[in-house]
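Given next are the chains, with one letter for each unit.
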Amino acid sequence: QIFAKQVINGRLQTIWTGSGTIISADGVILTNAHVAAPTSPGLATLYNDPELLFGEEPDQLVVALSESADRPPTEAYIAELAAADGALDLAVIEITADLDGNELNPATLNLPFVEVGDSDTFTRGNVAGFESQNRVGDRAWIKTDATISPGNSGGLGVNAAGQIIGVPSFGQEAIGGAINRLRAINYAVPLLEAAAANSQYDSPYVVEGTGQETF
């Protein structure tokens, strides 16, 4: 679980939470942009009013780990944003410090993680098909008949081999309701590569305005 925190009246307080998936032993986590970077360019294409929903960028991202299904997650680490794409509603964050702010060596974390799979293939199950998205392309979303609550956005959709193939994310029609779409994992690969190379990621799906648009 990811806690987005802001300093209010001199105290660090949790403003919203979301889910994420650890995809490498050194603490790389895949989640939604609206969880980790809510002002990402392009996010407004998926939500009616992202500022109303998510406010400003969080002052701190705290990662809580779930050790068992019947116990609440325990806050364990501080993470920093490595890459985000608002149009895809995807973000990559990296664990950098303990809760006291002491810098950590990622190589020593040795966290359990989920392998990245291929979202262009799937077997029978709760997958109902694919959905395209304007400017993004075909198979941009994986449709499912499973009911996923909004608190699980940014979480984990797996195939039969236990590999992550989708990230639950809700769009305009799901605000206040259930999630029934997962962002196909293949669209996250460029973000993961940019984070691994410590390079800047620029979304190919965000089109800059000319200043001459009218509504």
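Source: prediction; values computed, not measured.

**Topic: the overall build of the chain**
Here comes step 1: When you go through the chain residue by residue, the secondary structure sums to three helices and 12 strands.
Here comes step 2: In the chain, which comprises 215 residues, the proportion classed as buried is 43%.
Here comes step 3: Pairs at least 24 residues apart make up 57% of the contacts formed inside the chain by residues separated by at least 6 positions.
Here comes step 4: Carbon and sulfur atoms make up 47% of the accessible area of the chain, which totals about 11700 Å².

**Some words on the confidence of the model for the chain**
Here comes step 1: Confidence in the prediction for the chain averages 84 pLDDT; 84% of positions are at 70 or higher.
Here comes step 2: Scored below 50 in pLDDT, residues 172–176 makes nine contacts in the model with residues more than four places away or belonging to other chains.

**Thoughts on the packing of aromatic side chains**
Here comes step 1: By the definition in use, this model includes one aromatic pair.
Here comes step 2: One residue, Lys5, lies across the ring of Phe3, its end atom 5.9 Å from the ring centre.

**A short note on the pairing of strand β4 (residues 28–31)**
Here comes step 1: Of the two faces of β4, both are covered, the one formed by Val28 and Leu30 as well as the one formed by Ile29 and Thr31.
Here comes step 2: Joining the antiparallel neighbours strand β3 (residues 20–22) and β4 is a turn of five residues, in which Gly27 adopts a positive phi near 95°.
Here comes step 3: In this structure, β4 lies alongside strand β7 (residues 90–98), joined through four bridges in antiparallel fashion. From the neighbouring strand, Ile29 faces β7, where its bridge partner is Ile93.

**A short note on the nonpolar core**
In summary, soluble globular proteins display a tendency toward joint burial of nonpolar side chains.
Here comes step 1: One finds Leu30, Leu88, Val92, Ile164, Ile185, Tyr187 and Leu191 to be the most contacted residues of the largest nonpolar core, which totals 28 residues.
Here comes step 2: Counting residues per element, the ones that place at least two in this core are β4, β7, β9 (137–148), β11 (164–168), β12 (179–184) and α3 (189–196).
Here comes step 3: Counting residues per element, this core draws most heavily on α3, at four residues.
Here comes step 4: Apart from residues lying up to four places away in sequence, Leu30 is in contact with Gly20, Thr21, Ile23, Ala91, Val92, Gly154, Ile164, Val167, Ile185, Ala188 and Leu192.
Here comes step 5: Residues Ile2, Ile22, Val35 and Ile93 belong to the second largest nonpolar core, which totals 17 residues.

**Some remarks on α3**
Here comes step 1: Buried residues of α3: Leu191, Leu192, Ala194 and Ala195, and no others. Buried residues of α3, seen end-on, are gathered within an arc of 160° and therefore sit on one face of the element. Exposed side chains of α3 directed beyond 90 degrees from the buried face belong to Glu193 and Ala196.
Here comes step 2: On its buried side, α3 packs onto β4, β6 (74–85) and β7.
Here comes step 3: In the segment just after α3, Asn198 is the residue with positive phi, at about 55°.

**Concerning unusual backbone geometry**
Here comes step 1: Of note, Arg139 is a non-glycine position whose phi angle comes to about 55°, a positive value.
Here comes step 2: Among the secondary structure elements, Arg139 is positioned in strand β9.
Here comes step 3: Backbone geometry at Asn198 places phi at a positive 55°, although glycine is not the residue there.
Here comes step 4: With respect to the secondary-structure elements, Asn198 resides in the segment after α3.

**Some details on the sheet that holds strand β2 (residues 11–18)**
Here comes step 1: In spatial order, the strands read β2-β1-β5-β6-β7-β4-β3; together these seven strands make up an open sheet with antiparallel pairing. A single partner strand is all that each edge strand has here, and the edge strands are β2 and β3. Across the sheet, the mean angle from the axis of one strand to that of its neighbour is 40°, orientation sign disregarded.
Here comes step 2: Pairing between strand β1 (residues 2–8) and strand β5 (residues 60–65): four bridges, direction antiparallel. Across the sheet, Phe3 pairs through a bridge with Val62, a residue of β5.
Here comes step 3: Sheet contacts for α3: β4, β6 and β7; angle to β7, the most-contacted strand, approximately 30°.

Rules and cut-offs
Residues numbered from 1 in each chain as written. Predicted model: local features only at pLDDT ≥ 70, side-chain atom pairs only at ≥ 80, totals over all residues. Heavy atoms only, no water. Helix = DSSP H or I, 4+ residues; strand = E, 2+ residues; numbered from the N terminus. Buried < 20%, exposed > 50% of the residue type's maximum accessible area, 1.4 Å probe, protein only. Contact = heavy atoms within 4.5 Å. Areas by Shrake-Rupley, 256 points an atom, 1.4 Å probe, with all protein chains shown as cover. pLDDT = per-residue confidence, 0-100. Phe/Tyr/Trp six-rings, centres within 6.5 Å; stacked < 30°, edge-to-face > 60°. Lys NZ or Arg CZ within 6 Å of the ring centre and 35° of its normal. Pairing = 2+ DSSP bridges. Core = buried A, V, L, I, M, F, W, Y, C linked by side-chain atoms within 4.5 Å. Arc of directions from axis to C-beta. Axes fitted to C-alpha atoms, helices over the stretch in contact; angles between N-to-C directions.

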